[in-house]
Amino acid sequence: DAGVTQSPTHLIKTRGQQVTLRCSPKSGHDTVSWYQQALGQGPQFIFQYYEEEERQRGNFPDRFSGHQFPNYSSELNVNALLLGDSALYLCASTQSGREFFGPGTRLTVL
Amino acid sequence: GIQVEQSPPDLILQEGANSTLRCNFSDSVNNLQWFHQNPWGQLINLFYIPSGTKQNGRLSATTVATERYSLLYISSSQTTDSGVYFCAVKSGNTPLVFGKGTRLSVIA
């Protein structure tokens with residue numbers, strides 16, 4: 001039984017560019033959440049997708065958008081990258097109240 | 001929104017020692033989880049424990065919801081226990097809110 005997978009593992013972009021991160025949830029999980037973790041901090045909730053709809057959203061600007069596909073996989077898109085967007089981006093799938101996290105994508109913005 | 005405070009922020013232990021990590025939260029919760037983040041960044045779900053006590057091997061956790069705190073106990077610590085331990089809570093329909101974590105270093 002595969003866990004949550006994310007791609008790519010690492011990514012380097014320059015300011016102003018756009019990025020797309022991908023996530024496949026744990027088998028049988030239909031709810032996917034995205035988090036941003038800055039260095040030395042706890043993860044911060046970006047948004048959650050269920051049945052291909054954004055169900056909840058944290059305090060992030062519209063530059064952050066997402067999508068969920070019929071197979072429950074999800075994408076996180078960030079436009080007009082800023083230096084402050086450099087972080088570890090984590091995807092989690094949920095079952096019975098528990099969050100199961102993927103290994104993350106480390107994004108560096110230069 | 002709900003506030004989550006974890007203590008201590010840093011902890012250094014000799015291998016074999018026991019430890020207690022604390023999580024205080026500012027409002028009633030309907031979901032509380034403990035996670036371990038290893039040095040490579042992977043977050044592992046340790047417990048889902050909105051109330052009561054659970055044990056899993058050398059780890060156990062207790063949440064006293066009425067007093068708004070949770071404790072994570074690590075017994076006979078090993079070097080592989082090193083990393084950051086996070087407490088995260090939900091109150092009502094809010095998303096999961098994480099504390100700042102406790103950084104644990106276990107020395108051989």
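Preceding this section is the structure that the text describes.
Since this is a predicted model, take the numbers as computed values, not measurements. (Residues numbered from 1 in each chain as written. Chains lettered and ligands numbered in written order. Predicted model: local features only at pLDDT ≥ 70, side-chain atom pairs only at ≥ 80, totals over all residues. Heavy atoms only, no water.)

Caption draft 1: Examining the sheet that holds strand S8 (residues 74-78) of chain A more closely. Residues and elements named next belong to chain A. The strand order S1-S3-S8-S7 describes an open sheet built from 4 strands, whose pairing is antiparallel. Two strands lie at the open edges of the sheet, namely strand S1 (5-7) and strand S7 (64-68), each paired on one side alone. Geometrically, the sheet is characterised by an average inter-axis angle of 20° between neighbouring strands, direction not taken into account. (Pairing = 2+ DSSP bridges. Helix = DSSP H or I, 4+ residues; strand = E, 2+ residues; numbered from the N terminus. Axes fitted to C-alpha atoms, helices over the stretch in contact; angles between N-to-C directions.)

Caption draft 2: Geometry of the interface of chain B and chain A. Taken residue by residue, the interface counts 20 residues in chain B and 16 residues in chain A. For the pairing of chain B and chain A, the buried interface totals around 1,400 Å² over both sides, and the portion due to carbon and sulfur atoms is 50%. Looking at the side of chain B facing chain A, the largest losses of area belong to B:Leu43, B:Pro95 and B:Phe98, adding up to 27% of the total buried there. Run the count over chain B and chain A and you get 9 residue pairs in polar contact (both at pLDDT 80 or more). The set of elements that each furnish at least two residues to the side of chain B that touches chain A consists of strand S4 (31-37), strand S5 (43-48) and strand S9 (83-90) of chain B. A total of 5 residues in the side of chain B that touches chain A trace back to one element, the largest contributor, which is S5(B). (Contact = heavy atoms within 4.5 Å. Buried area = accessible area lost by both parts, 1.4 Å probe. Polar contact = N/O pair within 3.5 Å; in protein donor to acceptor, adjacent residues only side chain to side chain.)

Caption draft 3: Representation of the pattern of salt bridges within the structure. Residue and element names in this part refer to chain A. Under the criterion given, the structure shown has 4 salt bridges over all chains. Measuring nitrogen to oxygen at the nearest pair gives 3.4 Å for the salt bridge that ties Glu75 to Arg22. On the criterion of sequence distance, the pair formed by Glu75 in strand S8 and Arg22 in strand S3 (residues 19-24) is long-range, its members being 53 residues apart. A salt bridge links Arg63 to Asp85; the shortest N-O distance between them is 2.8 Å. (Salt bridge = Lys/Arg side-chain N within 4 Å of Asp/Glu carboxyl O.)

Caption draft 4: Just the nonpolar core, in detail. Ranked by size, the top nonpolar core spans 22 residues in total, and within it B:Trp34, B:Leu72 and B:Val89 carry the most contacts. When residues of this core are traced back to their parent elements, those giving at least two are strand S2 (10-14), strand S3 (19-25), S4, S5, strand S7 (59-64), strand S8 (69-74), S9 and strand S11 (102-107) of chain B. Of all hydrophobic cores here, the second largest spans 19 residues; its members include A:Phe60, A:Leu76, A:Leu107 and A:Val109. (Core = buried A, V, L, I, M, F, W, Y, C linked by side-chain atoms within 4.5 Å. Buried < 20%, exposed > 50% of the residue type's maximum accessible area, 1.4 Å probe, protein only.)

Caption draft 5: Examining the sheet that holds strand S1 (residues 4-7) of chain B more closely. All names here are of chain B. What the 5 strands build is an open sheet, ordered S1-S3-S8-S7-S6; its pairing is antiparallel. At either margin of the open sheet sits one strand with a lone partner, and together these are S1 and strand S6 (52-56). Ignoring which end each strand starts from, the neighbouring axes of this sheet average 15° apart. For S3 and S8, the ladder comprises 6 bridges, and the chain directions are antiparallel. Looking at S8, one finds that Asn24 is bridged to Tyr69.

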